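Below are the chains, spelled out letter by letter.
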Amino acid sequence: MKDKINYQADSELLQTISRWQNYLRNERRYSEHTLDAYARDFSFFLNFLADKNKKEVSLKVLDEVSIRDFRNYLSSRHARHLENSSLAREISALKNFFRWAEDNNLVKNDAISIVSSPRKSKILPKSLDFNEIMDLIDKALAASKDEWQGLRDSAIFTILYGCGLRISEALSLNFGDITAQSASLRVLGKGNKERIVPLLPVIYEKIDAYLQACPYNFRHGEPLFLGARGERLSPRIVQRQMAKIRAVLGLNDNLTPHALRHSFATHLLSEGTDLRSIQELLGHASLTTTQRYTDVQIGHLSKEYRKAHPLEN
């Protein structure tokens, strides 16, 4: 259980923080995970100011925070050996609050606009080649004790790669979402954003084989992918099954179900699909996120080039 968040703030600022959190939850549709992270990040900042000023923080104090104060705070956080990605998120939380507070005529602090985020380490997504994916899907049958569970896993791996879904998106599907007549699938992604992805016939074929073998009865609107006891399948089970198959095939340990989504995007890009279309299919809010896949493609081409060019041999 996570520790309770404590703010060293006066009553007016506590009410303001509550309003900000409600705004993020109800209007911006932030996930509970992000809300919790932002709340903790902001509490660290307030507690730093409270320790510095020897008193609870008020809206007036936030008005008067200097660029030196912001930088001293970030230096204190950096001294705790935080990753750049964590520091960047903390700055994002602060800027989010100050921007919202200024929009609501509660706080105006121009110094926050000068604060810049540290450069994040570029982490390229991992991808499998097509033959590895086909081996993974085929081996799903042999990796399960019961045939229906193997067919289920095979269907899940196929839809992750065939539609570029996140594992949470695939496991949130219900019976009736995909039928033999379905040409596309409506997906509810991060931030409750909907997108439409095309469905290949092989995806329904895999799902139908699983439905025919599954010992449980299905009703419209109930979970599509079931666990051994008939409950909605947990992502942990899929991750565990993939780990078993991965070991048999000798694949890299860091290849997870999410690698199938990465492979979907990487393979589409290599076949000439434009970035904007891939962005829509993946449900990325920003094209910058999708552009990571160009780095993957360039990295692969560079590797193949060095392997093949006579000057490298």
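In the block above lies the structure referred to throughout.
Residues numbered from 1 in each chain as written. Predicted model: local features only at pLDDT ≥ 70, side-chain atom pairs only at ≥ 80, totals over all residues. Heavy atoms only, no water.

**Remarks on the pairing of strand β1 (residues 184-188)**
For the record, the criterion: Accessible area is worked out with a 1.4 Å probe on protein chains only. A residue is then buried under 20% of its type maximum, exposed over 50%, and partly exposed in between. Put simply, DSSP marks the helices as runs of H or I at least four residues long and the strands as runs of E at least two long, and each gets a number from the N terminus on. We treat two strands as partners when DSSP finds at least two bridges between them.
Only one face of β1 is buried, namely the one carrying Leu-185 and Val-187, since none of Ser-184, Arg-186 and Leu-188 on the opposite face is buried. When β1 meets strand β2 (residues 194-198), the two strands line up antiparallel, connected through five bridges. Looking across to β2, one finds that Ser-184 is bridged to Pro-198.

**Let's talk about the side chain of Glu-169**
To be explicit about the condition: Polar contacts, as used here, are pairs of N or O atoms within 3.5 Å; protein pairs need one atom able to donate a hydrogen and one able to accept it. Residues neighboring in sequence count only if both atoms are side-chain atoms. Throughout, a contact is declared for two residues whenever any of their heavy atoms are within 4.5 Å.
On the secondary structure map, Glu-169 appears in helix α8 (residues 167-171). Given the relative accessible area of 2%, Glu-169 is considered buried. Side chain to side chain, Glu-169 and Arg-166 meet in a polar contact 2.4 Å long. In terms of polar contacts, Glu-169 uses its side chain to reach the side chain of Arg-195, at 2.8 Å. In this view, Glu-169 contacts Val-187, Leu-188, Gly-189, Lys-190, Arg-195 and Arg-261; residues no more than four positions away in its chain are not counted.

**What about the packing of aromatic side chains?**
What counts, and what does not: Aromatic pairing here means that ring centres of Phe, Tyr or Trp (its six-membered ring) are within 6.5 Å. Orientation follows from the plane angle: under 30 degrees is stacked, over 60 is edge-to-face, and everything else is tilted.
Using the criterion set out here, one finds 19 aromatic pairs in the structure. Relative to Trp-100, the ring of Phe-97 lies with its centre 6.2 Å away and its plane at 45°, an arrangement referred to as tilted. Pair noted here: Phe-97 and Trp-100 are both in helix α5 (residues 84-103), with a separation of three residues, about one helical turn. Residue classification places Phe-97 among the buried residues on the basis of a relative accessible area of 0%. Taken together, the aromatic side chains of Trp-20, Tyr-23, Tyr-30, Tyr-38, Phe-42, Phe-45, Phe-48, Phe-70, Tyr-73, Phe-97, Phe-98 and Trp-100 make up a single cluster linked through ring pairs.

**As for the packing of helix α7 (residues 147-163) against helix α9 (residues 201-213)**
Test applied: Interaxial angles span 0 to 180 degrees and are taken between N-to-C directions of axes, which are lines fitted to C-alpha atoms, for helices over the stretch in contact. Note on terminology: angles under 35 degrees are roughly parallel, angles over 145 are roughly antiparallel, angles of 65 to 115 are roughly perpendicular, and the others are oblique. Left-handed is the label given to a crossing in which the near helix is rotated counterclockwise from the far helix by less than a right angle, and right-handed is the label when the rotation is clockwise.
Direction vectors running N to C along α7 and α9 enclose 160°, while the axes themselves pass 8 Å from each other. Looking at the two axes, α7 sits roughly antiparallel to α9. The crossing of α7 and α9 is left-handed. Within the contact between the two elements, α7 uses Trp-148, Leu-151, Arg-152, Ser-154, Ala-155, Thr-158, Ile-159, Gly-162 and Cys-163 and α9 uses Val-202, Ile-203, Lys-206, Ile-207, Ala-209, Tyr-210 and Ala-213.

**Observations concerning α9**
We count it as follows: Helix span, expected: 1.5 Å multiplied by one less than the number of residues in the helix. Our arc is simply the arc of the directions from the helix axis toward the C-beta atoms.
Counted at 1.5 Å a residue, the expected span for α9 with its 13 residues is 18 Å, and the 19 Å between its end C-alpha atoms agrees. Within α9 the residues assigned to the buried category are Ile-203, Ile-207, Tyr-210 and Leu-211. Along α9, the residues classed as buried sweep out an arc of 100° about the axis, all on the same side. In α9, the exposed positions angled more than 90 degrees off the buried face are occupied by Pro-201, Glu-205 and Gln-212. Residues of α9 that are buried make contact with α7.

**Quick word on the nonpolar core**
Across soluble globular proteins, nonpolar side chains have a tendency to be buried as a group. Worth spelling out the cut-off: Definition used in this section: a nonpolar core is a set of buried Ala, Val, Leu, Ile, Met, Phe, Trp, Tyr and Cys residues joined via side-chain atoms within 4.5 Å.
Counting residues in each nonpolar core, the largest one holds 50 residues, and the members touching the most others are Phe-157, Ile-159, Leu-165, Leu-185, Ile-207, Tyr-210 and Phe-225. Elements represented by at least two residues in this core include exactly α6 (130-139), α7, α8, β1, α9, α10 (235-249), α11 (258-270) and α12 (275-282). Of all the elements, α7 adds the most residues to this core, at nine residues. Those residues in contact with Phe-225 that sit more than four places away from it in its chain are Arg-152, Ala-155, Ile-156, Ala-170, Leu-171, Leu-173, Ile-207, Tyr-210, Glu-231, Arg-232 and Leu-233. Tyr-7, Leu-24, Phe-98 and Ala-111 belong to the second-largest nonpolar core, a separate cluster that totals 34 residues.

**What about a positive patch on the surface?**
Which entries qualify depends on this criterion: In this analysis, a patch consists of residues with relative accessible area above 30% that form no salt bridge, clustered at 9 Å for like charges and at 5 Å for the nonpolar side chains Val, Leu, Ile, Met, Phe, Trp and Tyr. Note on areas: these come from Shrake-Rupley sampling with a 1.4 Å probe, and a residue is covered only by the protein chains present in the view. Salt bridges are defined as contacts in which a side-chain nitrogen from Lys or Arg sits within 4 Å of a carboxyl oxygen from Asp or Glu. Two residue types count as positive, namely Lys and Arg, and two as negative, namely Asp and Glu; His and chain ends fall outside the count. By convention, the point assigned to a charge is CZ for Arg, NZ for Lys, CD for Glu and CG for Asp.
Judged by side-chain charge, Lys-145, Arg-236, Arg-240 and Lys-244 come together as a positively charged surface patch. The partly exposed category is assigned to Lys-244, whose relative accessible area is 40%.

**Looking at α10**
The terminal C-alpha atoms of α10 lie 21 Å apart, and with 15 residues this matches the ideal 21 Å at 1.5 Å per residue to within 8%. Taken together, the buried positions of α10 are occupied by Val-238, Gln-241, Met-242, Ile-245 and Arg-246. Within α10, the buried residues cover an arc of 140° as seen down the axis, which keeps them to one side. The inward-facing, buried residues of α10 contact α6, α7 and α8. Where α10 starts, the residue carrying a side-chain oxygen 3.1 Å from the main-chain nitrogen of Arg-236 turns out to be Ser-234. One or two positions beyond α10, positive phi appears at Gly-250, with a value near 70°.

**A look at the pattern of salt bridges**
Throughout the structure, instances matching the rule amount to 12 salt bridges. Here Arg-25 and Glu-32 are joined by a salt bridge, their closest N and O atoms 3.1 Å apart. When its relative accessible area of 30% is taken as the criterion, Arg-25 is described as partly exposed. Here Arg-186 and Glu-194 are joined by a salt bridge, their closest N and O atoms 3.2 Å apart. Each of the two residues, Arg-186 as well as Glu-194, counts as exposed. Beyond isolated ion pairs, a larger network of salt bridges with shared partners links Glu-102, Lys-108 and Asp-110.

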